[in-house]
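Here's the letter readout for the chains.
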Amino acid sequence: MALSDLNPVERNEEGIAAVLGILKQQLGERFQTGQAIRSQHAHTTTYIPTQAPDGVAFPETTAEVQEIVRACAAHRVPVIAFGVGSSLEGHTNAPGGGISVDTSRMNRILAVNPQDLDCTVEPGVTREDLNRHLRDTGLFFPIDPGANASLGGMAATRASGTNAVRYGTMRENVLSLTAVMADGETVTTGKRAKKSSAGYDLTRLLVGSEGTLGIITALTLRLQGIPQAISGGVCPFPSVEAACNAVIATIQMGIPVARIELVNALQMRAMKNYSKLDYPESPCLFVEFHGSDAGVAEQAETFGMIAEENGGGPFLWTSVAEERTKLWKARHDAYWSSLTLRPGAKGLSTDVCVPISRFAECVLETEADIAEMGLIAPIVGHAGDGNFHVLVLMDVNDPKEIALSEKFVARLNMRAIAMDGTCTGEHGIGQGKIGFLRHELGHGVDIMRTIKQALDPLDIMNPGKILPGN
Ligand SMILES: Cc1cc2nc3c(=O)[nH]c(=O)nc-3n(C[C@H](O)[C@H](O)[C@H](O)COP(=O)(O)OP(=O)(O)OC[C@H]3O[C@@H](n4cnc5c(N)ncnc54)[C@H](O)[C@@H]3O)c2cc1C
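Note that the structure is a prediction, hence the values are computed from the model and not measured. The residue numbering used here restarts from 1 in each chain and proceeds along that chain's sequence as written. Two thresholds apply to this predicted model, a pLDDT of at least 70 for residue-level local features and 80 or more for giving and counting side-chain atom pairs, whereas whole-chain, interface and lining totals are computed over all residues. The side-chain figures draw on all heavy atoms in the structure; neither hydrogens nor water molecules are used.

Asks: How would you summarise the sheet that holds strand β2 (residues 55–57) if you had to cite specific residues and measurements?
Replies: Pairing between the strands of a sheet comes from backbone hydrogen bonds, and it takes one of two forms, parallel or antiparallel. For two strands to be treated as a pair, DSSP must find at least two bridges joining them. Only runs of H or I of at least four residues qualify as helices and only runs of E of at least two qualify as strands under DSSP, and these elements are numbered from the N terminus. If you trace the four strands from one edge of the open sheet to the other, you get β1-β2-β4-β3, paired in mixed fashion. For this open sheet the edge positions go to β1 (31–32) and β3 (79–82), each flanked by a neighbour on one side alone. Relative to strand β4 (residues 99–102), β2 runs parallel, the two sharing three bridges. The residue of β4 that forms the bridge with Ala 57 is Val 101. Taken strand by strand, helix α3 (residues 62–74) contacts β2, β3 and β4, and its axis lies near 170 degrees from that of β4. Between two residues, a contact is recorded if the distance between any of their heavy atoms is within 4.5 Å. Inter-axis angles, ranging from 0 to 180 degrees, are taken between N-to-C directions of lines fitted to C-alpha atoms, where helices are fitted over the stretch in contact.

Here it is in structure tokens:
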């Protein structure tokens, strides 16, 4: 993708110069303009070009975020919220320059309410920080994108991960948010009640809004009890089709599987070498069950039978924590292991999601496309949700390879949409997927634009993202 392909945003040199002066005075050392720090606060995870902001602010309170947004609004300067920068579609880029608002100093856990199974945190708390903090309470926060992302960033991208098949995504797990809106006012979108019918659902409007409507400064999240028993294991299959069919049967039978992840043969090769796993180099399902001792044993047995009926097995499962941890660490390291398949290459991760009945068909057609186009592109996926990642390994210095990879991704996204699915199950639109939004949602894009114009008439909140330029 060339810079010229990205949604252009006009630079406002005069406004930017004014805001740089104001923020330096307001925040002192907590406002930085060095080249290195600016580049780190833009998109760096894929081949999408880096578009650095003009300055990086490190606020510590909601009031400071309000001051920053008000200064930017007064001078019509873009404001781009920043968590840890692990997003994959150019979300944190500053195409028209502006101010990156790094939330890493807003990292306090404000309240944990074990009796209500919820907590309130600032946006810079990462998912691993939160789970470390919760360890002694018997509770955990289940959403686990591969990166140790910030909870603000996860809400803003409506993230999910391996546990979503059982516990849902950020959409289901954010009870309420506080956000600084484009005019500098704050809004709190709900209370701590488990459900509410009070008017428009502003929580869900902000979840997934990618910093284009407001900057989240606090989140109230649902927590889960750590299950009495956890068991899991790996089950090999003779083909991807057999593995996919086993997933479909597991979900359609209503087995309350906590995780069910597809790893194709090429990805398995990478994981075996990188994470020292001792499993066959064939398509595999990584599976985990949560519940009582008897419950997880029964679920594992039923899954084993389904696997066998689909030609898979043996399904070797364990309740030993260390063995399970090793497996899931390998799964979470899939991105890094796959890069070893082509040293020097950069990965382009896709994330289509289709209704579960279309899952096998979508994966198989995609594998055929990978072979036909001669790409090196392992597959790993949150199969229980009908969601999978193809990691296209490409030489980012070769324009022909970039063009081929983009062609492949376009075909994949359109295939998923044609199957009544989505071009993005969890990564979001950012800059990279803008071209697919109208194919997927049609007139819905116009409604989104109306909302954006009403809430951010000056277009200062993360401009150039989600919505097509015209
Ligand atoms: C190896 C790897 C594996 C991954 N696996 C998964 C996965 O399994 N599932 C998944 O869902 N994602 C996955 N991702 C993508 C990424 O981790 C998620 O998108 C994550 O939610 C981004 O969080 P962040 O803190 O890095 O946000 P950033 O990248 O910093 O920001 C992302 C977007 O959110 C906005 N934002 C950040 N903070 C705020 C805030 N406080 N208020 C308003 N807007 C804000 C930004 O402006 C930007 O638009 C993976 C990424 C990598 C590198």
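Additional details are given in the paragraphs that follow.
Asks: Can you explain a nonpolar patch on the surface? Please cite residues and give values.
Replies: The patches described consist of residues with a relative accessible area above 30% and no salt bridge, like charges being joined within 9 Å and nonpolar side chains (Val, Leu, Ile, Met, Phe, Trp, Tyr) within 5 Å. All accessibility values rest on the Shrake-Rupley procedure with a 1.4 Å probe; residue burial counts only the protein chains present in the view. Counted as salt bridges are all cases of a side-chain nitrogen of Lys or Arg within 4 Å of a carboxyl oxygen of Asp or Glu. On the surface, Tyr 200, Leu 202, Leu 205 and Leu 455 cluster together into a nonpolar patch covering about 400 Å² of accessible area. Following the sequence through the fold, Leu 455 ends up in helix α17 (residues 444–455).

Asks: Hey, could you go over the packing of helix α16 (residues 434–441) against α17 for me, with residue numbers and the actual values?
Replies: Contact geometry of α16 with α17 gives a least axis separation of 7 Å together with a crossing angle of 115 degrees. Residues Leu 437, Arg 438 and Leu 441 of α16 form the contact with α17, whose own contacting residues are Gly 444, Val 445, Asp 446 and Met 448.

Asks: Go over the site of the ligand with me, naming the residues and quoting the values.
Replies: Whether a residue is near a molecule or strand depends on its heavy atoms: it is near if one of them lies within 4 Å of it. Near the ligand there are 34 residues, and of these Ala 81, Gly 83, Ser 86, Ser 87 and Ser 150 occur at the shortest range. Here Ser 150 contributes a side-chain N or O atom positioned 2.7 Å from an oxygen atom of the ligand. When the ligand sits alone it has 980 Å² of accessible area, and the protein chains cover 96% of it. Contributing elements (two or more residues each) for the shell around the ligand: β3, α5 (151–157) and β10 (214–222). With five residues, the single largest contributor to the shell around the ligand is α5. When its residues are assigned to classes, the shell around the ligand shows 14 nonpolar, 18 polar and two charged. Pairs of N or O atoms within 3.5 Å make up the polar contacts considered here, provided that, within protein, one atom can donate a hydrogen while the other can accept it, and that residues adjacent in sequence are counted only when both atoms are side-chain atoms. In this classification, Asp, Glu, Lys and Arg are treated as charged, Ala, Val, Leu, Ile, Met, Phe, Trp, Tyr, Cys and Pro as nonpolar, and every other residue, Gly included, as polar.

Asks: Just give me the short version of the nonpolar core, but keep the residues and values in it.
Replies: Counting residues in each nonpolar core, the largest one holds 51 residues, and the members touching the most others are Leu 285 and Phe 359. Secondary structure elements with two or more residues in this core: β12 (229–236), α9 (240–252), β13 (257–263), β14 (284–291), α11 (293–309), α14 (359–373), β18 (387–394) and α15 (399–418). Broken down by element, this core gets its largest block of residues, seven residues, from α9. Those residues in contact with Phe 359 that lie beyond four places of it in its chain are Cys 244, Ile 248, Leu 262, Val 354, Ala 383, Gly 386, Asn 387 and Phe 388. We call a set of buried residues a nonpolar core when its members are Ala, Val, Leu, Ile, Met, Phe, Trp, Tyr or Cys and they connect through side-chain atoms within 4.5 Å of each other. Type-normalised accessible area, obtained with a 1.4 Å probe on protein chains alone, sets the label of each residue: buried when under 20%, exposed when over 50%, and partly exposed for intermediate values.

Asks: An account of the pairing of β10 is requested, with residue identities and associated values reported.
Replies: Counted residue by residue, β10 has eight buried out of nine residues, so it is predominantly covered. By the bridge criterion, seven bridges tie strand β8 (residues 174–181) to β10 in an arrangement that is antiparallel. Directly across from Ala 179, in β10, lies its bridge partner Ile 216.

Asks: With reference to specific residues and values, describe unusual backbone geometry.
Replies: Put simply, Gly 313 and Pro 314 share a cis peptide bond, and its omega is 0 degrees. Following the sequence through the fold, Pro 314 ends up in the loop between α11 and β15 (316–318). Of note in this structure, Arg 76 is not a glycine but carries a positive phi near 55 degrees. Topologically, Arg 76 is positioned in the loop between α3 and β3. Residue classification places Arg 76 among the exposed positions, given a relative accessible area of 53%. You will see that Asn 462, though not glycine, has its phi angle at about 45 degrees, which is positive. Structurally, the position occupied by Asn 462 is in the segment after α17.

Asks: Go over the state of the cysteines with me, naming the residues and quoting the values.
Replies: Any two cysteine sulfur atoms within 2.5 Å of one another count as a disulfide. Considering all chains together, one arrives at zero disulfides under this definition. In this structure Cys 353 is not part of a disulfide, and its nearest cysteine sulfur, from Cys 362, lies 9.4 Å away. In this structure Cys 353 comes out as buried when scored by relative accessible area, which is 18%.

Asks: How would you explain the environment of Ala 18 if you had to name every residue and give the values?
Replies: Structurally, Ala 18 can be placed in helix α1 (residues 13–27). A residue is classified by how much of its surface remains accessible, and Ala 18, at 27% relative accessible area, is partly exposed. It is 8.8 Å that separates the C-alpha atoms of Ala 18 and Ala 71, two residues lying 53 residues apart in sequence.

Asks: Run through the sheet that holds β10, naming residues and quoting values.
Replies: Taken in spatial order, the five strands make up an open sheet running β5-β6-β10-β8-β9, and their pairing is antiparallel. Only two strands of the sheet have a single neighbouring strand rather than two, namely β5 (109–113) and β9 (186–188). Recorded for the sheet is a direction-independent mean angle of 15 degrees between the axes of neighbouring strands. Of the pairings in the sheet, the one linking strand β6 (residues 118–121) to β10 comprises four bridges and is antiparallel in character. If you follow Thr 120 over to β10, its bridge partner there is Thr 220. Contacting β5, β6 and β10, helix α4 (residues 127–134) crosses the sheet at an angle of about 50 degrees to β5.

Asks: Describe in detail α3, supporting the description with residues and values.
Replies: Given a helix with a known number of residues, its expected span is that number minus one, times 1.5 Å. Here α3 spans 18 Å end to end across 13 residues, near enough to the 18 Å set by a 1.5 Å rise per residue. Residues of α3 that are buried: Glu 64, Val 65, Gln 66, Ile 68, Val 69, Ala 71, Cys 72 and Ala 73.

Asks: So what's going on with the side chain of Ser 282? Residues and values would help.
Replies: The residue Ser 282 is located in the loop between α10 (265–275) and β14 in this model. In this structure, Ser 282 is in contact with Pro 236, Phe 237, Val 263, Ala 265 and Met 268, ignoring residues within four places of it in sequence.

Asks: With reference to specific residues and values, describe the packing of α1 against α3.
Replies: Packing of α1 against α3 brings their axes to within 10 Å, and their N-to-C directions diverge by 160 degrees. If you check the angle between α1 and α3, you find them roughly antiparallel. Both α1 and α3 take part in a crossing whose hand is right-handed. Between α1 and α3, the residues in contact are Val 19, Ile 22, Leu 23, Gln 26 and Leu 27 and Glu 64, Glu 67, Ile 68, Ala 71 and Cys 72, respectively. Class assignment for the residues of the contact of α1 with α3 results in seven nonpolar, one polar and two charged. Oblique is the label for every angle not falling under 35 degrees (roughly parallel), over 145 degrees (roughly antiparallel), or within 65 to 115 degrees (roughly perpendicular). Throughout, a crossing is termed right-handed when the near helix is turned clockwise from the far one, and left-handed when it is turned anticlockwise from it by less than a right angle.

Function cannot be inferred from these measures alone, as they are strictly geometric.
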